[in-house]
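Take a look at the letters that make up each chain.
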Amino acid sequence: MNNPYLPYPVRIESIVTETEDRNLKTFKLVFLNPEDEARFSYMPGQFAELSVAGLGEIPIGIASSPTEKGFIKFTVNKVGKVTSYLHNMNAGDIMGVRGPMGNWYPWDILQGKNVVIIGGGFAFTTLRSSIVYMLDPANRPRFGEINVVYGARFPGLLLYKDELAAWERRDDIKMHITVDGTDDPNWKYNVGFVPAVTKQKAPSAENAYAIICGPPIMIKFTLPVLTELGFPPDRIISSLEMRMKCGIGICGRCNLGTEYVCKDGPVFTLEKLSQLPNEY
Amino acid sequence: MSGAYISKNKLPGAITGLLGRYKVFGPVRRGRYHEFAEIRNAEDVDLAYRNTRLSPKGLFHPQGERMFQFSLAAGDPDKGILKEAPKDFSPRVILGIRPCDAKAFHLDDANFDTAAIKDPWWVKRREATTLIGLACNHPCSTCFCTSVGTGPFDASGLDAMLVDTGDGYVVEVLTEKGKAAVEAVSEWETAPTGSAEAIAALKKSAEESIGKQFDIKAVIDQDMLELFNGAFWEEVQFACINCGTCTFLCPTCWCFDIQDEVCGEQGDRLRMWDSCMFPLFTFHGSGHNPRSQKVQRVRQRFMHKLKYYPDKYHQGVACVGCGRCVSACPVNIDIRQVARLMSAGCVCPA
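Keep in mind that what you see is a predicted model, and the values were worked out from it rather than measured.

Residue and element names in this part refer to chain B. Each assigned domain of chain B is listed with its residue range as follows: domain 1 (4–65 + 84–212) and domain 2 (217–343). For domain 1 versus domain 2, the distance between C-alpha centres works out to 26 Å. Listed as interface residues are 32 residues of domain 1 and, on the opposing side, 30 residues of domain 2. Between domain 1 and domain 2, the buried area comes to about 2700 Å², and carbon and sulfur atoms account for 56% of it. Of all residues in domain 1, the largest losses of buried area upon contact with domain 2 belong to Lys57, Leu107 and Phe144, amounting jointly to 24% of the total for that side. For the pair domain 1 and domain 2, the number of links is 3 salt bridges. Residue Asp119 is joined to Arg271 by a salt bridge in which the shortest nitrogen-to-oxygen separation is 2.7 Å.

Now the structure itself:
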């Protein structure tokens, strides 16, 4: 019997500081045992527990795509004791990863559909996984038009800047990058909040699904825009955050009505969320 | 062996027989209360107990348990890599467990032992354990097992069940595991004439002494969100002090936390019981807490037991009516009254 609580040992291959405030770093991790990598078979939208012996575990969305082989990536916000410790670790250090956990964006249903991705701030990590996954040459023909609205408070807080620039240059994905505000005279993208930019760019709801992930306030004001554009609740997909421990639906911590967010989620349609207690 | 009988004066000999093949756990008096403990000496078992203060859930899901161990020593090639902590899964018998507490393990299986995910320690302990229960002739005033789908003589969670008929116990063997444990005992006699009638009378009397406290189907049939938004939660939560006693005593409260503990260069990853009554239970790293208010936490406990669990697993409520939360609550919150409020969907007098 595999022990679902036992983390796989991984080595930190590289650490990239993503943002100007240095609070967000992306960790590229390599499995010590190749068989563990094979067991860690995941889909965009899933998360894992990062483990530091002596400090504990934290649930973090997977930032890499299953189409990227040989490593997994996590972008970690420095907020608590485990994340602060991680931020001080170095390439070559050993840590643990347990997962993958939870459900994922419904890629089977999204096949043949247009996809609108709306993200804000740090929550863009699992959306990066989704974009890389859809843009993979083997997968790109499976999806229609791809629109991405991604916002941060100011340019220095945007994640994955090199990749954003590369996606900008492609003609098979429409990027709508925005910041709340900037005094940079060379800023060439949008200025404005995500809901406003979504409304302005007005991606068609025809044969389309929206995936939205970001701060609650951004989601709150973007949902009416999506409704106005014609997206019904069963075509708006979001991802919940919860304080999770076991990650496999046993410890009871992330219980939400009949669901455990760690196992039955974290991805839910707006339609499903409307049937659950509003406790998230 | 079904229908076999053992005189009370021969019970210590029978337990000694079990001790030769199993670890044996049973009700033992500790001060004013009883608790389930490992038996070294057959005379320590007290089957005349009414109820234990703590449920025996800790025998499968310990209050504190070492999951993994690790080294943090510089130069150790395994530094920071977690290794499974050694555990004892040798065969054991839990003797004298009440039908309600045994049924609770069955309800908890829906959480710990599913087709998709298995808690390895829960599953191995369940496999290694034989439950020899003791029917409940004299339920307490706080018992309400008959209202939640079990009963004082409900053998459904047991491998064998003893019934106290006065001078001795009649045993009913229920599973292969139960048969093996019963056959480890050589003190069995033939049950006295009229035992079956005596047991039927004891069962009837025990069930009648409890009576039906509320209609659980009426609770389950309520709409989840209507219940969640019910005005009566304000009344339910008013006195609660979020002490967590109800959750720690409850045989079907399984929530736990995982924490690391380090001593010098050695460390352990532990899991400990936790409680939805505590504000930190759902406190996010971001500072957001979806259940920051007491009323939300109190509602969560009752909704989880009486609505979310039945809706998710379709095998009744996550409550066996043992009454521990009723008798030990320092502010007299009574789940029977809460169930009545939930089924009525309004604030009603008791």
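After presenting the structure, the write-up continues.
Residue and element names in this part refer to chain B. Strand order in this open sheet of 8 strands is β3-β2-β6-β7-β8-β9-β1-β10, and the pairing throughout is mixed. Each edge of the open sheet is held by one strand with a lone partner, namely β3 (33–38) and β10 (189–190). Summarising the sheet, strand β8 (residues 160–164) and strand β9 (residues 168–173) pair through 5 bridges and their orientation is antiparallel. Each residue of the ladder has a partner; that of Asp164, found in β9, is Tyr169. Those strands touched by helix α2 (residues 99–112) are β6 (92–97), β7 (129–134) and β8, and its axis lies near 135° from that of β6. The sheet strands contacting helix α3 (residues 120–128) are β6 and β7, and the helix crosses β7 at an angle near 60°.

What follows covers the state of the cysteines. Applying the stated rule across the entire model yields 0 disulfides over all chains. A disulfide-free cysteine, Cys251(A) has its sulfur positioned 3.9 Å from the sulfur of Cys246(A), the nearest such atom. With no disulfide partner, Cys140(B) has as its closest neighbouring cysteine sulfur the one in Cys143(B), 4.4 Å distant.

Attention now goes to the UniProt feature "domain: FAD-binding FR-type" (unreviewed entry) in chain A. Following the UniProt record, the feature "domain: FAD-binding FR-type" (unreviewed entry) maps to residues 5–107 of chain A here. As annotated, residues 5–107 of chain A comprises 14% helix and 43% strand, and the C-alpha atoms at either end are separated by 27 Å.

Here we come to the domain arrangement of chain A. All names here are of chain A. When the domains of chain A are assigned, the result is domain 1 (8–100) and domain 2 (107–239). Centre-to-centre separation of domain 1 and domain 2, based on C-alpha positions: 24 Å. On the side of domain 2, 18 residues touch domain 1, which itself brings 22 residues to the contact. Interface area for domain 1 against domain 2, summed over the two sides, is near 1500 Å², with a carbon-plus-sulfur share of 59%. Per-residue buried area on domain 1 facing domain 2 is highest for Glu18, Pro44 and Thr67; these three make up 29% of the total on that side. In this assembly, domain 1 and domain 2 are joined by 1 salt bridge. One salt bridge connects Arg128 with Glu68, and the closest N-O pair in it is separated by 3.0 Å. Our count for the contact surface shared by domain 1 and domain 2 stands at 9 residue pairs in polar contact (both at pLDDT 80 or more). Going through the elements one at a time, β2 (24–31) and β5 (72–77) are the ones with two or more residues in the side of domain 1 that touches domain 2.

Rules and cut-offs
Residues numbered from 1 in each chain as written. Chains lettered and ligands numbered in written order. Predicted model: local features only at pLDDT ≥ 70, side-chain atom pairs only at ≥ 80, totals over all residues. Heavy atoms only, no water. Domains from an automatic or database assignment. Contact = heavy atoms within 4.5 Å. Buried area = accessible area lost by both parts, 1.4 Å probe. Salt bridge = Lys/Arg side-chain N within 4 Å of Asp/Glu carboxyl O. Pairing = 2+ DSSP bridges. Helix = DSSP H or I, 4+ residues; strand = E, 2+ residues; numbered from the N terminus. Axes fitted to C-alpha atoms, helices over the stretch in contact; angles between N-to-C directions. Disulfide = S-S within 2.5 Å. UniProt positions renumbered as here; feature names shortened; annotations may be inferred. Polar contact = N/O pair within 3.5 Å; in protein donor to acceptor, adjacent residues only side chain to side chain.

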